[in-house]
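Analysis of the macromolecular model
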Amino acid sequence: MKDQKDTIKQVIDYIEDNLENHISLDTIAQKTGYSKFYLNRVFTRQTGITIYKYLQNRRLTTAAEKLVHSRKPITTIAYEAGYDTQQSFTLAFKQLYGYPPNTYRKLGTFIPRQKRITLQSAKKSTDISLCYILLTLTQNSGKKEAAA
């Protein structure tokens, strides 16, 4: 179990250090010495979220912060978040934040949707999974209210 947590911490550290770089599951697997299938399975079990979804949410959270705290063009922020087009960035951003990037910027309040995951104990891992589930439920209910 400790070895798995060390591996997950290594994955998280790599993602956090390379948020603005191209990251693939193959690269992460190569860095850790495990297969991408094993890594993703263990990561999901420990955190309640896939590696890809964690990476995407962290990048979008960083983008949300930049939208509120900088005057960078949205296209630049989209590119820094790993998106090739503003359209694909806008779609992903709206799915996580409930607003398109320009509207979110105008609101002027940064709310992190995916904080860095920290693994401290087995109980903490469960807490993180529960927080993710609660966050997902909150986001989904907010979307239903906005649609009504």
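Scroll up a little and you will see the structure.
Residues numbered from 1 in each chain as written. Predicted model: local features only at pLDDT ≥ 70, side-chain atom pairs only at ≥ 80, totals over all residues. Heavy atoms only, no water.

Some points on the packing of aromatic side chains
Basically, it comes down to this: For Phe, Tyr and Trp, where Trp contributes only its six-membered ring, two rings pair if their centres lie within 6.5 Å, and the inter-plane angle classes them as stacked under 30 degrees, edge-to-face over 60, or tilted in between. Secondary structure elements follow DSSP: runs of H or I of four or more residues count as helices, runs of E of two or more count as strands, with numbering from the N terminus. Between buried and exposed lies partly exposed: a residue is buried under 20% and exposed over 50% of the maximum accessible area for its type, with that area taken using a 1.4 Å probe on protein chains only.
Within the structure shown, the criterion is met by seven aromatic pairs. Measuring from centroid to centroid gives 5.8 Å for Phe 43 and Tyr 54, while their planes differ by 55°, and the two rings are tilted. A residue pair is termed long-range when its members are at least 10 positions apart, and Phe 43 in helix 3 (residues 36-47) and Tyr 54 in helix 4 (residues 51-69) qualify at 11 residues. Comparing Phe 43 with Tyr 54, the two get one shared label, buried.

Focus: the packing of helix 4 against helix 6 (residues 86-97)
Worth spelling out the cut-off: Axes, fitted as lines to C-alpha atoms, cover a helix only where it is in contact. Angles between the N-to-C directions of the axes lie from 0 to 180 degrees. Throughout this description, any angle smaller than 35 degrees is read as roughly parallel, any larger than 145 degrees as roughly antiparallel, any in the 65 to 115 degree range as roughly perpendicular, and the remainder as oblique. Residue contacts are defined here by distance: any two heavy atoms, one from each residue, within 4.5 Å place the two residues in contact. Gly counts as polar in this scheme, as do all residues outside two lists: the nonpolar Ala, Val, Leu, Ile, Met, Phe, Trp, Tyr, Cys and Pro, and the charged Asp, Glu, Lys and Arg.
Between helix 4 and helix 6, whose axes approach to 10 Å, the crossing angle comes to 95°. The orientation of helix 4 relative to helix 6 falls into the category roughly perpendicular. Contacts from Gln 56, Asn 57, Leu 60, Thr 61, Ala 63, Ala 64 and Leu 67 of helix 4 reach helix 6 at Phe 89, Ala 92, Phe 93, Leu 96 and Tyr 97. Looking at the contact of helix 4 with helix 6 residue by residue, the class counts come to nine nonpolar, three polar and no charged.

A short note on the nonpolar core
Put simply, the test is: The term nonpolar core refers to a set of buried residues drawn from Ala, Val, Leu, Ile, Met, Phe, Trp, Tyr and Cys, joined through side-chain atoms within 4.5 Å.
Val 11, Ile 15, Ile 28, Phe 43, Ile 51 and Tyr 54 are the most contacted members of the largest nonpolar core, which has 17 residues in total. Residue assignment for this core shows that the elements contributing at least two residues are helix 1 (2-17), helix 2 (25-32), helix 3 and helix 4. Residue contributions to this core peak at five residues, all from helix 1. Beyond its immediate chain neighbours, meaning those up to four positions away, Tyr 54 contacts Ile 12, Ile 15, Glu 16, Phe 43, Ile 49, Gln 114, Lys 115, Arg 116 and Ile 117. Leu 67, Val 68, Tyr 83 and Leu 96 belong to the second largest nonpolar core, which has 16 residues in total.

Things to note about helix 6
For clarity, the cut-off: Take the number of residues in a helix, subtract one, and multiply by 1.5 Å to get its expected span. By arc we mean the arc of the directions from the helix axis to the C-beta atoms, nothing more.
Across its 12 residues, helix 6 extends 16 Å between first and last C-alpha, which sits within 8% of the 16 Å expected from 1.5 Å per residue. Of all the residues in helix 6, the buried ones are Phe 89, Ala 92, Phe 93, Leu 96 and Tyr 97. Down the axis, helix 6 shows its buried residues gathered within 115° of arc, on one side only. Pointing more than 90 degrees away from the buried face of helix 6 are the exposed residues Gln 87 and Leu 91.

Side note on helix 4
Here helix 4 contains 19 residues, and its C-alpha end-to-end distance of 27 Å stays within 8% of the 27 Å for a straight helix at 1.5 Å per residue. Judged by how many residues are buried, helix 4 sits mostly within the fold: 15 of 19 residues are covered.

Remarks on the pattern of salt bridges
Here is the rule: The salt bridge criterion pairs a side-chain nitrogen of Lys or Arg with a carboxyl oxygen of Asp or Glu, the two atoms within 4 Å.
Considering all chains together, one arrives at seven salt bridges under this definition. Its salt-bridge partner being Arg 58, residue Glu 16 comes within 2.8 Å of it at the nearest N-O pair. Of this pair, Glu 16 sits in helix 1 while Arg 58 sits in helix 4, and the two are 42 residues apart along the sequence. Considered together, Glu 16 and Arg 58 belong to a single accessibility category, that of buried residues.

Some words on the packing of helix 2 against helix 3
Look at helix 2 against helix 3: their axes get within 9 Å of each other, and the N-to-C directions meet at 90°. Here helix 2 lies roughly perpendicular to helix 3, going by the angle between them. For the pair helix 2 and helix 3, the contacting residues are Leu 25, Asp 26, Ile 28, Ala 29 and Thr 32 in the first and Lys 36, Leu 39 and Asn 40 in the second. Residues that form the contact of helix 2 with helix 3 fall into these classes: four nonpolar, two polar and two charged.

None of this, on its own, says anything about what the molecule does.
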